[in-house]
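Residue-level structure breakdown
In case you want the letters, here they are:
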Number of protein chains: 2
Amino acid sequence: MNGKVIARRIRAIRRRMNKKKIRFLLVTSSANVTYITGFLGEDSWAAIAKGRVYLLTDSRYTEQAQKECPSCKIIDRAGPMANAVANLVKRLKSVRTIAVEDSVSMADFEQLKKSIKARLKTTSGIVEAARSIKDQSEIAAIKSAAAISTKALEQLLPHIKPGVSESELAGMLDFQIRKLGARNSFETIVAFGPNGSRPHHQPGKRKLKKKDAVLIDFGARYKGYCSDITRCLVIGGMTAFYKKVYDVVEQAQAAAIKTIRPGVKLTQVDAAAREVIDKAGLPVYGHGTGHGFGLQIHEDPFLKPDGKGKLKAGQVITIEPGIYIRRQLGIRIEDDVLVTETGHKILTRSCPHSLVLPDSKV
Amino acid sequence: MNGKVIARRIRAIRRRMNKKKIRFLLVTSSANVTYITGFLGEDSWAAIAKGRVYLLTDSRYTEQAQKECPSCKIIDRAGPMANAVANLVKRLKSVRTIAVEDSVSMADFEQLKKSIKARLKTTSGIVEAARSIKDQSEIAAIKSAAAISTKALEQLLPHIKPGVSESELAGMLDFQIRKLGARNSFETIVAFGPNGSRPHHQPGKRKLKKKDAVLIDFGARYKGYCSDITRCLVIGGMTAFYKKVYDVVEQAQAAAIKTIRPGVKLTQVDAAAREVIDKAGLPVYGHGTGHGFGLQIHEDPFLKPDGKGKLKAGQVITIEPGIYIRRQLGIRIEDDVLVTETGHKILTRSCPHSLVLPDSKV
C-alpha cells in the first residue's frame, strides 16, 4: 500500500484521536487494521502511538506484512496477542492510557487488562469515521470491483437457461468472479420466481422454468474492496404485473439517486424511494434503502427511516429499493453510487438494468 | 433439528450451568446458537433459562427459525438486541444474574449493562465443552461433508493440467462443492510448486507447469458441519527428494493417528508426528498437528506442543503434519479422525492419499 495514502489516513485518524485525547489506539477490528496498514491477512491487530503505526502479527504472515505494509513497524509475535501489546506498551514508555476499539471481545479485553499495566478504556468509531469517506485509491478499487462484477454477470447470461438451478448459477457466477482475479463481497443470492420475495434467500435446488423470474444480488471484492449489485430479469416473457412492479422499483431507485448530494439527510434519500412505491399502491420494503460499503460490505452510512446524519462527499453507498410479494415475486434493483462534491456518480452504470438474454429483456 | 437431539444437548449444558451456578445463559456466538437451537441464520442470539431455550431473531429470519427450531421459543425482535434481552429478563422475573459468553463484544456488553437490571457476568466454554464431543447427528453430517469433499476432489482431477492457474482450480473445486449441495468450510488453498511452503497461501495467477507439484487444502460444509482435507500430488513425474519428503509426512501422520484413543494427552499425539520428521532430519512444521472441528473449522481440542488436556471419545480432529522448505516445496497430508471409545476411525478414508492422475501419482 502506498505510503502517502496511509500517511494521509493516519493524519485524519490522529486528529480524531487528539480530540478524544487518545495517545495510544489499539485497533482490533480486521477492516480497520487493513485500512491503517494495508495488511490483508488475518488474526492481526494494529496500534497507533507516538507517531507510528505498529502491526502485531505472527510468523504465518510476516512475509505478507513486509510486502503489504512498508510504512508500518511490524511486530512478529510468538505468544498471545495481549503479551505482544503489553511488550509494546512497555517499550514505548510513559503510555498511561490505552484506548481499545469496543468491537473487541470481552475475553480479549480481560486478557489485555491482566497483561498491561496502563489504564484501559474503550472507544468506537474513530477509524470507521475516516473510512466512511473514501480516498482516490479506494474509489479506484471499488470501481474495479464493480467492473469485475459487471463482466462476471455478462459471462453468466448465456447460462441462464431453463433447467439450471439457483445453486448452480450462483456457483458459476462466483467462479467467473474468481477467474477475473477477485473474490465475493458476500454470499451470492440467486432467487428464482417467488423465492425473490425473501431478501436473504439462500440459493437452493430450485430449477429455472421456461417462464420464470431471476433475482441476482452479488458483488466482487477486489484488493479488499467490495461492490454490491442486484439485477432482475425474466425468461419466457414477462407478465404485465411483473413489468409494472419492475418499473415502480426502477422509478423508486431513480428518485432516491436523484436526491444524492453532500448535506442531504440520510432519511431524505431513504424516504424518496419509499414514497414512489407507496404512491403506486405497492408494499414498501422492510430493509434499508442502502448502505455504505468499502472494506466491509456494510459500513456507515446506513440509509434507513431512523438513519442519523447527512451524506458527505466521498461516501460510496448502495441504493437498493425492492418490492416483495410473498409467494409471488421479489424485485430489487441495486446500484453503487459515489457522493461527489456537487452531486453523485453511479459507479455501476456499465451494468445495464435491462440484461439482454436471447429471448427476453426487462 | 430433531427435538430429542437438542434436548440432550441442553441437558448436558444445564449440568455445566448448574456447576457454575448459572441460571440464565446468554449465548451470543453464532456456532453456539446453532448448536443449542438448530438455527442456521445470522444475527441471532439464544438464551437458556428456566428450562427453556429462547432464540432472539428478527423478521428476516422468522420463517427460517420456525422451520429449523421447533423446540425453541422464538422471539421476533424489532429493536436492538439488548432491548429484546431486557424484555425477556423482565418477563421471566426473579432473574438476578445473567451469564454472557465472553466472546461478546465490549460494545454489546456495555449495551446489555445499560438495558438490563440484572447483574451481568461473563462466562466461557460452557457450550464449547459440550460441542467438543460430537453426537451421532453431528458425526453423520461431518461424514457427509467429508464424502462431498472427496467427490468434489475426484471431479477436479481431470482439470489439473499444465496451464491452469491456482485461482482457477480453487474456483472449480468450490463450484463442484456447491453443485454437490454444500458450501466451503473455509477459503480453499491451492498452491503450486514452491508456493506450497506457505501454509496459508492464497491461490493466485501462478499457472501449473508440465512438471509441477500441487497442494490442495479444502473442505465442504454440509448442514452447518465442516470437513477439512489436504492432499498433495505432482504432475510430470516427481523428484526423488519430493518422494522422500512425501513419505516422511505420510509416516508422521500415520504415527500421530496411531496414538489416537480416549485419554491420550494432546501433546502426545502432536509429538508423535513431529518426532518422525525430526528423526528424518527434515524441518518440523510451525503449525499445530491438528484441531477439532464441527460447526466451526477450528474448535477444541487443539493438538499442539503446548496443548492442554486429553482426547475424549466423540471428538473429531484433523491430523495434518507438513514439511515446508522455502522456495522449494511444501507437503501436508490432512485427514479427519473420530476418537472412538476404543481408539479411532478415519472419516476421510474414501479420499485416497495417492490421487490418480493420467500421468503420475504420488
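Note that this is a predicted model, so its numbers are computed, not measured. Note on numbering: residues in each chain are counted from 1, in written sequence order. As a convention, the first chain written is A and the first ligand written is 1, with the rest following in written order. Predicted model: local features are reported for residues with pLDDT of at least 70 only, side-chain atom pairs are reported and counted for 80 or more only, and whole-chain, interface and lining totals are derived from all residues. With hydrogens and water set aside, each side-chain value is computed from the structure's full complement of heavy atoms.

Let's talk about the packing of aromatic side chains
Geometry of an aromatic ring pair is reported as the spacing of the ring centres plus the angle between the planes. Selection criterion: Paired rings are identified among Phe, Tyr and Trp, the last through its six-membered ring, by centres lying within 6.5 Å, and are further divided according to the angle between planes into stacked (under 30 degrees), edge-to-face (over 60) and tilted (the rest). For helices the rule is a DSSP run of H or I covering at least 4 residues; for strands it is a run of E covering at least 2, with both sets numbered from the N terminus onward. Three labels apply to residues, based on accessible area from a 1.4 Å probe with only protein chains included: buried if under 20% of the type maximum, exposed if over 50%, partly exposed otherwise in between.
Under the defined criterion, the tally for this structure stands at five aromatic pairs over all chains. When the ring of F175 of chain A is compared with that of F175 of chain B, the centres are 6.5 Å apart and the planes differ by 15°; the resulting orientation is stacked. Remark: F175 of chain B occurs in helix α8 (residues 166–179) and F175 of chain A occurs in helix α8 (residues 166–179); the pair is interchain, linking two chains. Take F175 of chain A: its relative accessible area is 14%, and that puts it in the buried class. The interplanar angle of 20° and the centroid separation of 6.5 Å between the aromatic rings of Y242 of chain B and Y246 of chain B together place this pair among those described as stacked. On the criterion of helical spacing, the pair formed by Y242 of chain B and Y246 of chain B is a turn pair, its members being four residues apart in helix α9 (residues 240–258). Using a relative accessible area of 5% as the deciding quantity, one classes Y242 of chain B as buried.

Considering the domain arrangement of chain A
Many authors give the size of an interface as the accessible area that is lost as the parts come together. Residue and element names in this part refer to chain A. Just so we agree on the cut-off: A domain assignment, automatic or from a database, supplies the domain bounds used here. The contact definition used throughout considers only heavy atoms, calling two residues in contact when any of these lie within 4.5 Å. As used here, buried area is the combined drop in accessible area, with a 1.4 Å probe, of two parts when they are placed together. What counts as a salt bridge is simple: a side-chain nitrogen of Lys or Arg found within 4 Å of a carboxyl oxygen of Asp or Glu.
Entries for chain A in the domain assignment read domain 1 (3–131) and domain 2 (136–357). The straight-line distance from the C-alpha centre of domain 1 to that of domain 2 is 35 Å. Contact with domain 1, which involves seven residues of that partner, is made by seven residues of domain 2. Counting each side, the surface lost to burial between domain 1 and domain 2 is near 590 Å², with a carbon and sulfur contribution of 51%. Where domain 1 meets domain 2, there are one salt bridge.

Digging into the side chain of N32 of chain B
All names here are of chain B. Selection rule: In protein, a polar contact means a hydrogen-donor-capable atom and an acceptor-capable atom, both N or O and within 3.5 Å, with residues adjacent in sequence counting only if both atoms are side-chain atoms; elsewhere, any N or O pair within 3.5 Å suffices.
Of note, N32 is situated in helix α2 (residues 30–37). Side chain to side chain, N32 and E128 meet in a polar contact 3.0 Å long. Ignoring anything within four residues of it in the chain, the contact list for N32 reads V27, E101, V127, E128 and R131.

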